[in-house]
Amino acid sequence: MPDAPASDSSRSLERPAYGALWAFLLAPVMAQGLWRPLLHFGGAGGRASAMAITIAALGVCGAIVIARQIRPGPRSLAPWVLGGLFAVGATLVAGLGLSGLLCLLAVAASLSFLLHRLSPGLPGALDGLARRHKVLFALYAAGALLSIVKTAQLSVFMGDATRPDLQVLPGVKFVETHSCLSAYVQADRLARERVENLYDPAGWLGSHGQPPRPAGAEDPYRPFVLDYYAYPPPFLLAMAPLAIFAGDFAAQRALWFGVNGLLLAVGLWLVARWLDGPGVHRVLLLTPLFFASLPILAVLQVGNFQTAVVVLAVLAMVAFHRERNALGGALLAFVVLSKLSPALLGLVLLAQRRYRAVAWTAGFGVFFVALSVLSLGVNPLKFFLTYTLPRLGSGATFSFMDADRFSILTNMAPFGLPFKLQLLGVPISDPWRVGRLIGRVYSGILVLLTLVAVRRVGDRRSQAIVWMSLLVLGALQSPFAPGYVQVGLLWATTLLAVEVRSLRAALGLVLLWIVINLLPPASSPNLMAIDSLLQSLLSVGVPVGLILRSVRRENATTA
């Protein structure tokens, strides 16, 4: 079972500090997710800016944390009152207007509720860690402070696109201007306009690999570059809340950032508390640092749905484990119909003969498909099946993949290996044909690996590692798989912290994280190609190794 929560946290340093860390991380995320949408509805902006809103939200958070320390009782109203008063005061002093006031009041109420519910659920195993491990505590505190700063900076950029100096990778133009969300919004608009084929390149002028927009044509996504959409139509059901802000991409982008940030935080917390066995409090400690790590913030910045897919898919499996088949079926059906690759988890359920879970998933799948047809018409589904799906399998959807060195180097998929080898001078006459062959072989091996992985069921942590690893391997079936598909792998490495028993093991885990995320050196094109090739092999090899390791351990346990 998970570490039991302690009954009294009033004398604990670690538990209030942990709650405060999450509050300071989420305050600017929630603030930017609310402020821009409120401005859209005509709320007076006053002299507010994204920077002012973020600073004020952090101030509100600080007031609530202090109030909880002064009056820590579970029925204390001090955090609610002081947080609300600070929100009003900041609005008056900084001239944040009505939208700023409503935003800060909502942040104050949310954080007060969050800390009220969070503290009782924290395990007593956290108590005394700072005293017993002073050096580690100092390092953790430094990492926590850096996490708060980086998250706050990104939140400003998400509320104000004119501040690229605060993006995750300042100076990297592609990350600065890339927006996966632009593809989702564009596809939703085309679907609602009832165009015959929303996947037709004619509707995607200006996106990567497509002809540029005609001179003088309006670009509603500027300064961001339009991305191309290749997801199944049911995913567009998630765009319904954003459709309210049609024509205001700044509001849509901020709201999407806020929603995905909160979803990630909730998912990390729920999974960490679901884990059992000794030492699982380490996973809990690492969740806020993982949330604010560079790869995760980068995915949140560009607005890709991959992080949400991984979180929802793992939560679906947790729900099945708890016999909440309806909830699990709804979550898994939606992510499968959004990105296809999580269907591997459906194979897991079949192999484990969990037919009730499979039935609920299939039922919700039919429901979501029917709902998308009712909402968007039959054409999106028709052309996805007859036009886009074959092009996804052949790689034609990603025709830009070999157009430039950057596209080749950032592709982690096995399909992309022959293109990287070609960069290194290996004579390959037709890398597209070789890539398709590699892709088919890889998919077949992956199915066999999945069946092997689920023959024996380990403890909760081992199961979660297997699920996360399969989600990574499944995403790599796409002919073009950027680095964000490694989200599940990075999450799985935090679960390995439970096993650390020595400095050597700790350094090994840190090194693994660094190697997975290592950026290619810019000094030599050949070194960049070699590094990218190694990253592709690690993207497959590490999750495969984690799965086989779990299988061997379980076999040894039951032998």
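A quick note: this is a predicted structure, and the numbers were derived from the prediction, not measured. (Residues numbered from 1 in each chain as written. Predicted model: local features only at pLDDT ≥ 70, side-chain atom pairs only at ≥ 80, totals over all residues. Heavy atoms only, no water.)

*Asks:* Go over the environment of Ser539, please, and point to the residues and values.
*Replies:* Within the secondary structure layout, Ser539 lies in helix H24 (residues 525-558). When its relative accessible area of 1% is taken as the criterion, Ser539 is described as buried. Taking the C-alpha atoms as reference points, Ser539 and Met412, 127 residues apart in sequence, are found 6.9 Å from one another. Sequence-distant contacts of Ser539, defined by excluding residues within four places in its chain, comprise Met412, Val472, Leu473, Leu476 and Gln486. (Helix = DSSP H or I, 4+ residues; strand = E, 2+ residues; numbered from the N terminus. Buried < 20%, exposed > 50% of the residue type's maximum accessible area, 1.4 Å probe, protein only. Contact = heavy atoms within 4.5 Å.)

*Asks:* Give a description of helix H20 (residues 431-453) that names residues and reports values.
*Replies:* With 23 residues, H20 extends 31 Å between its outermost C-alpha atoms, agreeing within 8% with the 33 Å of an ideal straight helix rising 1.5 Å per residue. Taken together, the buried positions of H20 are Pro431, Trp432, Gly435, Gly439, Tyr442, Leu446, Leu449, Thr450 and Ala453. (Expected span 1.5 Å × (residues − 1).)

*Asks:* Lay out the pattern of salt bridges with the relevant residues and their values.
*Replies:* This structure, assessed with the given rule, holds nine salt bridges. A salt bridge links Arg15 to Asp127; the shortest N-O distance between them is 2.5 Å. With Arg15 in helix H1 (residues 14-40) and Asp127 in the loop between helix H4 (97-118) and helix H5 (129-132), this pair connects stretches of sequence that are 112 residues apart. Asp127 sits in the partly exposed class, given a relative accessible area of 24%. (Salt bridge = Lys/Arg side-chain N within 4 Å of Asp/Glu carboxyl O.)

*Asks:* Before we move on, could you go through the packing of H20 against helix H21 (residues 460-475) and cite the residues and values that matter?
*Replies:* Packing of H20 against H21 brings their axes to within 11 Å, and their N-to-C directions diverge by 170 degrees. Between H20 and H21, the angle is such that the two are roughly antiparallel. Contacts between H20 and H21 involve Tyr442, Leu446, Leu449, Thr450 and Ala453 from the first element and Val466, Leu470, Leu473 and Gly474 from the second. The class makeup of the residues in the contact of H20 with H21 is seven nonpolar, two polar and no charged. (Axes fitted to C-alpha atoms, helices over the stretch in contact; angles between N-to-C directions. Parallel < 35°, antiparallel > 145°, perpendicular 65-115°, else oblique. Nonpolar A, V, L, I, M, F, W, Y, C, P; charged D, E, K, R; others polar.)

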